[in-house]
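# Structure at a glance
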Number of protein chains: 4
Amino acid sequence: MSKERKKICIVLTARGNYAKMKSVISALDATNQCELTILVGGSVVLDRYGKLLDDPNVDPLVIQHKIHFLVEGETPLTMAKSAGLAVSEFATAFENTKPDIILVIADRYESLAIAMAATYMNIAVAHVEGGEISGSIDESIRHAITKLAHLHFPATKDAAERIIRMGEEPDSVFCVGSTSIDVLADLDLSNLSAIHDYQKTHGVGPAIPLVSGKYLIVAQHPVTTEYEQNYRNVQEIASTISELQLPTIWLWPNMDAGSDGVSKAIRELRENMRPDHIHFFKSLPIELFGPLMKNAGCIVGNSSSGIREASFLGLPSVNVGSRQNGRERGENVIDVACEKRVIRQAISKQLEHGHYRPATIYGDGAAGTAIARTLLDAEITQQKTVTY
Amino acid sequence: MSKERKKICIVLTARGNYAKMKSVISALDATNQCELTILVGGSVVLDRYGKLLDDPNVDPLVIQHKIHFLVEGETPLTMAKSAGLAVSEFATAFENTKPDIILVIADRYESLAIAMAATYMNIAVAHVEGGEISGSIDESIRHAITKLAHLHFPATKDAAERIIRMGEEPDSVFCVGSTSIDVLADLDLSNLSAIHDYQKTHGVGPAIPLVSGKYLIVAQHPVTTEYEQNYRNVQEIASTISELQLPTIWLWPNMDAGSDGVSKAIRELRENMRPDHIHFFKSLPIELFGPLMKNAGCIVGNSSSGIREASFLGLPSVNVGSRQNGRERGENVIDVACEKRVIRQAISKQLEHGHYRPATIYGDGAAGTAIARTLLDAEITQQKTVTY
Amino acid sequence: MSKERKKICIVLTARGNYAKMKSVISALDATNQCELTILVGGSVVLDRYGKLLDDPNVDPLVIQHKIHFLVEGETPLTMAKSAGLAVSEFATAFENTKPDIILVIADRYESLAIAMAATYMNIAVAHVEGGEISGSIDESIRHAITKLAHLHFPATKDAAERIIRMGEEPDSVFCVGSTSIDVLADLDLSNLSAIHDYQKTHGVGPAIPLVSGKYLIVAQHPVTTEYEQNYRNVQEIASTISELQLPTIWLWPNMDAGSDGVSKAIRELRENMRPDHIHFFKSLPIELFGPLMKNAGCIVGNSSSGIREASFLGLPSVNVGSRQNGRERGENVIDVACEKRVIRQAISKQLEHGHYRPATIYGDGAAGTAIARTLLDAEITQQKTVTY
Amino acid sequence: MSKERKKICIVLTARGNYAKMKSVISALDATNQCELTILVGGSVVLDRYGKLLDDPNVDPLVIQHKIHFLVEGETPLTMAKSAGLAVSEFATAFENTKPDIILVIADRYESLAIAMAATYMNIAVAHVEGGEISGSIDESIRHAITKLAHLHFPATKDAAERIIRMGEEPDSVFCVGSTSIDVLADLDLSNLSAIHDYQKTHGVGPAIPLVSGKYLIVAQHPVTTEYEQNYRNVQEIASTISELQLPTIWLWPNMDAGSDGVSKAIRELRENMRPDHIHFFKSLPIELFGPLMKNAGCIVGNSSSGIREASFLGLPSVNVGSRQNGRERGENVIDVACEKRVIRQAISKQLEHGHYRPATIYGDGAAGTAIARTLLDAEITQQKTVTY
């Protein structure tokens, strides 16, 4: 056969990205019909966020380039400067690896930067998890990426419909479900002991007493445009969790502008209260996090996990604040303002209720295969135009 | 009065930008109700493109910062790197000047970079000339800016409708017409002698013999994604114009990726043929270019001037190639492929026909005032969401 | 008087910089004969290193620009990228502030970047603490800055002589002593209670029991070119200190490449051993650190404080490893390899010996005044040439 | 054999660099004992400066990376910003290619940037043509590179002695002569017809009438720190050359800050005077330029060619202005101020005198071999210290 194999490039810039791309990578690898390039950058390559690549749960990846684009500061100014650097550094990586198409994820500020670099270099853009609404600046970023993308892989029907209404060619929109669900669907979710092994090998504290339904998970990210409130928000949650005295797994935030505020509040919590029932993790691979979620009593905070993965698992979720506004959700979610009293009430109610029926609004576990197939088959014209 | 005046920032990065912002600047200045910041960058501050700011036809502007972001090379890679640098450098300028809102124009690659920097720094974005379709990569850029923008000032009804259909709040869309038309509407268009004065003071060749209806204007820009064809395209036009032997004003291209190809073809034309009837200009201010257009026999090439300004002036236009695809046009435009034979036929037909009735599809001359008023009155929330 | 006042620019990029520039800033301010610009950047503006500017011991400064140039990663690659960004960002700041002369300090990697930016923009460079030898890559950086600098303010006679031998004009070399000594000379060094107030207001642990001569200070920085050893080095020291069980003040490292290694070892020490007798500080202003040093039993590690300030104070010092190789030192210093046994022996010996006679090899407290006078009086020609 | 081959990296950033590195590259290639990496960047990869790599006289090189670092503007600010970008972009290239040692040339502003990037990444630096004095800001740059370099390959004895006096280890200084002379020594210098072939294939004007001793060469570069004078300087020379009416080969300047001034004056000369006896070239490979120099009547301007190559060839040289101050020179050079009268007198005197005896102060043609041998054999310790 004379045709060269398509060059597909996957970009991982935040620890959550790996779980979202794992099933796509496996599916592409399995076909042996393309040349796969993996670029990693941002927090994924930084020590202080828990390096993704050293994680034994991560399949060995052939990484073409590690890209540093984070300008220290965690302010709006440095977020913009980091984005600028991302454009420039990914452009170099694209020049060196010459992909035909790149896959970007959702709504991170660097994802738009990367899509922009690709667009200007005449590389096609495929967008995973576009079309969602979320009540924060991320939404603008997500839709701007949609307008640069040639292929769309929304996670839900609503999102797919929205992308089409925005003027994207219906034939370029593939409603495949969420790839995070693929990974969950693939796991043995009953295995709770893995986290204890992980704690031992990483030397992070005493074993967490994990009785199904009797522990909490907390993940609270900064809210970019409300940046100064982040500190106060975490304090409300910290105070709630402190009082509940239940075993709790608390995940550090990602490193958007504002994460200093979140980190500071978490550090104060640790240093002042020394709360032995709370176990902090910089990050956890989905292989560990999946079983933990499956068996938790409730997930609290503003992470998308509380909306997406929790719905697939039927995990009771208390969604705090505005960050997930507009996202489709299952019956397992209670939305509350970021105030101690209402957070506490909602947690109690969820613990009483126990698990919900699993829902597939965010996918049924086959998204990766569908995306891989489409990437391989698609014939893409660089120039786009709105449909109206 | 206790309220601080709104800080409005206007960004000029290409020579055409000034004509597009002139009436807005005047109107804002006249109100005395805001603090106006003007940032200039890109080709506007470079010698070899004819510095905008030294031009006597340009009103004295109080420039806050001159911003260099162009990485030499004029390839897709350097376009991406320039965009990355633009993000970073404009972020610094925004940090230093703290605008409440910035105004970006249309669809240039750096306009998206600037809108991105503003978005990440929680500065509102107003977008002039969004919503249009154009059959090139610019269209993707334009729509991506739309998804970041909080206020929209499309030039035509079709564009306004398109923006709303893309999910923008109808109340944020103001169909004001094109600001370039404002400047035209304000000029004494019968004054053809000004160009001769300009030639004298700039030492650029002998006086052009300008008889109304008996000379041509050519402006051919590179077509970003067809980058290697640019050289050939200009050769087709050059050859046509050479044979016609009519007095011709030829404008150098802007400096997108591909302009090296255009420049090379123009230089060869000059050096090999020494065509005395063709007069080359790096750029001309609208004050000179307006009367030249009003009185020309025909405008040829792929500049938007041949679509917009020409329609308001009733100037016969031969639009070459795909660059203006999808733009609304008046009856004054003949679209042709970039082949000598058909270009020549179309020019002959237009010269025979003579001027058309002026049309106001691109505005009636009051866009600047409308934009200024809206910018001053608007109360903007940084977070946006699609309307559906 | 017709002559404009000279514009002098001081750059602070690391927390130690402020103590080194404090007396110069005061002296320049006092003359009222120049326009003083202060630029801050790097770790000085970052939360996680203890923001300099929020420190109540820092005189209120009029900061013209805050400059972010640190690319996250703390590897040799990101050190280089940070240096590149520093060149670009300081160039912008110089363009905006137009200094006649800038003052850079010693041997940090960004200091060379800043001197380079100034050189290329035809701004004169004055160099504080050049001419020293130090047995690490810093020495190359320091001498390269010397070759770009127009005025030299070495701290010792040896250093001054070395600068002249390198071919610098003797008239441009002013042996003024170390400016850090100025600050020490100005302080009430008997005041040990200030640190307790500081602990209270910063919420950092219980009051340290400070009996003169009965506590230790530790400051161990990464050694740039031995980068992977840093972790092991700190472990040796940590183990020694752990066993001694004396009250100890331990300062976090600065953030050169390799500081991740140092930080990791310190974190492990804290988390695994929970050593109550060790008190960690991100940084301490000289106003607190001076009295602590004056009254300590011994300072341990590889900080220059153990060589310079310790000599002026007569503080017994155990200098560990190669970082300070080649620096002039007083009789108060014992040099040891980074091995637990010898470190421990040396500390014991020093504690037995007690304080030494103060020495002025690093200055007598009037460096700032001398530098200020010279900066104001100097007439500088941008072009330099070697003297031979 | 168990030992890995040394990785040697050669950096070419200006068109003159190739001629300086050609004999080194050949000699290294011939040994087959190292892995050779070639990085090209700056003007070498730009169309408008005559792309080096498309030149048929350039041996086919295996280029690892093309690096874009030039920020448009040609002002001191953009020179600094270009240097900053060079640091960052070369750092990426070093990360990707992992050289053991890099070779930088002389005194260009980006050479210091590249040496800095290498230093921070623990890569050894070898410096060609250090130690010279030149009466401009380049001298500071050159000596700063010396202080970062581990191996020194000065072109003359004076330069070698100067490097040692600056405190460099005598064993690290190898006085090899100039590599440009190697290329000259290798050429058939009687072949004048090659330039006519070149003109034909490049379509640049009618054949130059070249009678030995009866034509001139002009090469005038901008003088960085006198930046606004550049325009006037070229006018003086242009006017002189215009009057002499001798066949003249005029080379365009390199693109330091100030080259806009030079270019403008050259363009005016061309457009206003249309001097048929002057033939302009963007650049000429040494293979063409060598024979042209060998047979010219006189070389005029401030290029180092008029000092170095001219001395080896015995070519009469009129050195204009301060740019080459302090460089060793043979008896073939007359130094003049940049004034028409004295330039003209000096040219006449030189044309009368005719060729001088060749001198070897700048080398005897074996520099490349010596450098290659030393690079292969050297055992380098990253840390340096001054010798006193």
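Let me begin by describing the structure that accompanies this report. Predicted, not measured: the structure shown is a model, and the values here were computed from it.

Here the focus is the sheet that holds strand S12 (residues 333-336) of chain B. Residue and element names in this part refer to chain B. Strand order in this open sheet of six strands is S9-S8-S7-S10-S11-S12, and the pairing throughout is parallel. Each edge of the open sheet is held by one strand with a lone partner, namely strand S9 (278-281) and S12. Neighbouring strand axes in the sheet, compared pairwise and without regard to direction, differ in orientation by 20° on average. Where strand S11 (residues 317-320) lies against S12, four bridges are found, and the strand directions are parallel. Each residue of the ladder has a partner; that of Val320, found in S12, is Val336. This element, helix H9 (residues 259-273), spans strand S8 (248-251) and S9 of the sheet and lies at about 140° to S9. On top of the sheet, helix H10 (residues 286-295) reaches strand S7 (216-219), S8 and strand S10 (298-301); it is set at about 125° to S7, its chief contact.

Here we come to the packing of helix H2 (residues 76-97) of chain A against helix H2 (residues 76-97) of chain D. Axis separation between H2 of chain A and H2 of chain D bottoms out at 12 Å; the angle between their running directions is 40°. Considered as vectors, H2 of chain A and H2 of chain D are oriented oblique to each other. In the crossing of H2 of chain A with H2 of chain D, the sense of the turn from one axis to the other is right-handed. Mapping the contact onto sequence places Ser88, Glu89, Thr92 and Asn96 of chain A in H2 of chain A and Ser88, Glu89, Thr92 and Asn96 of chain D in H2 of chain D. Residue composition of the contact of H2 of chain A with H2 of chain D, by class: no nonpolar, six polar and two charged.

Once that is clear, we can look at the interface of chain C and chain B. By a frequent convention, interface size equals the accessible area lost on bringing the separate parts together. At the interface, five residues of chain C touch five residues of chain B. Of the roughly 360 Å² buried where chain C meets chain B, counting both sides, 28% is carbon and sulfur surface. The largest share of the area that chain C buries against chain B comes from Glu89, Thr92 and Asn96 of chain C, three residues that together contribute 70% of it. Counting every contact that joins chain C to chain B gives zero salt bridges. Applying the counting criterion to the chain C and chain B interface returns two residue pairs in polar contact (both at pLDDT 80 or more). Here the element with the most residues in the side of chain C that touches chain B is helix H2 (residues 76-97) of chain C; it accounts for four residues. The residue makeup of the side of chain C that touches chain B, split by class, is no nonpolar, four polar and one charged.

Looking now at the pattern of salt bridges. For the structure on display, the rule yields 76 salt bridges over all chains. Across the pair Asp107 of chain B and Arg327 of chain B runs a salt bridge, and its minimum N-O distance is 3.8 Å. Of this pair, Asp107 of chain B sits in the loop between strand S4 (101-105) and helix H3 (109-120) while Arg327 of chain B sits in the loop between S11 and S12, and the two are 220 residues apart along the sequence. Looking at Asp107 of chain B, the relative accessible area reads 10%, which means it is buried. The salt bridge partner of Glu132 of chain D is Arg327 of chain D, with a shortest N-O separation of 2.7 Å. In this pair, Glu132 of chain D sits in the loop between strand S5 (124-128) and helix H4 (137-148) while Arg327 of chain D sits in the loop between strand S11 (317-320) and strand S12 (333-336), placing the two residues 195 residues apart along the sequence. Arg327 of chain D carries the same exposure label as Glu132 of chain D, and that label is buried. One network of salt bridges, with partners in common, ties together Lys20, Asp107, Glu129, Glu132, Arg142, Arg308 and Arg327 of chain A.

Rules and cut-offs
- Residues numbered from 1 in each chain as written.
- Chains lettered and ligands numbered in written order.
- Predicted model: local features only at pLDDT ≥ 70, side-chain atom pairs only at ≥ 80, totals over all residues.
- Heavy atoms only, no water.
- Pairing = 2+ DSSP bridges.
- Helix = DSSP H or I, 4+ residues; strand = E, 2+ residues; numbered from the N terminus.
- Axes fitted to C-alpha atoms, helices over the stretch in contact; angles between N-to-C directions.
- Contact = heavy atoms within 4.5 Å.
- Parallel < 35°, antiparallel > 145°, perpendicular 65-115°, else oblique.
- Left-handed = near helix turned anticlockwise from the far one by under 90°.
- Nonpolar A, V, L, I, M, F, W, Y, C, P; charged D, E, K, R; others polar.
- Buried area = accessible area lost by both parts, 1.4 Å probe.
- Salt bridge = Lys/Arg side-chain N within 4 Å of Asp/Glu carboxyl O.
- Polar contact = N/O pair within 3.5 Å; in protein donor to acceptor, adjacent residues only side chain to side chain.
- Buried < 20%, exposed > 50% of the residue type's maximum accessible area, 1.4 Å probe, protein only.

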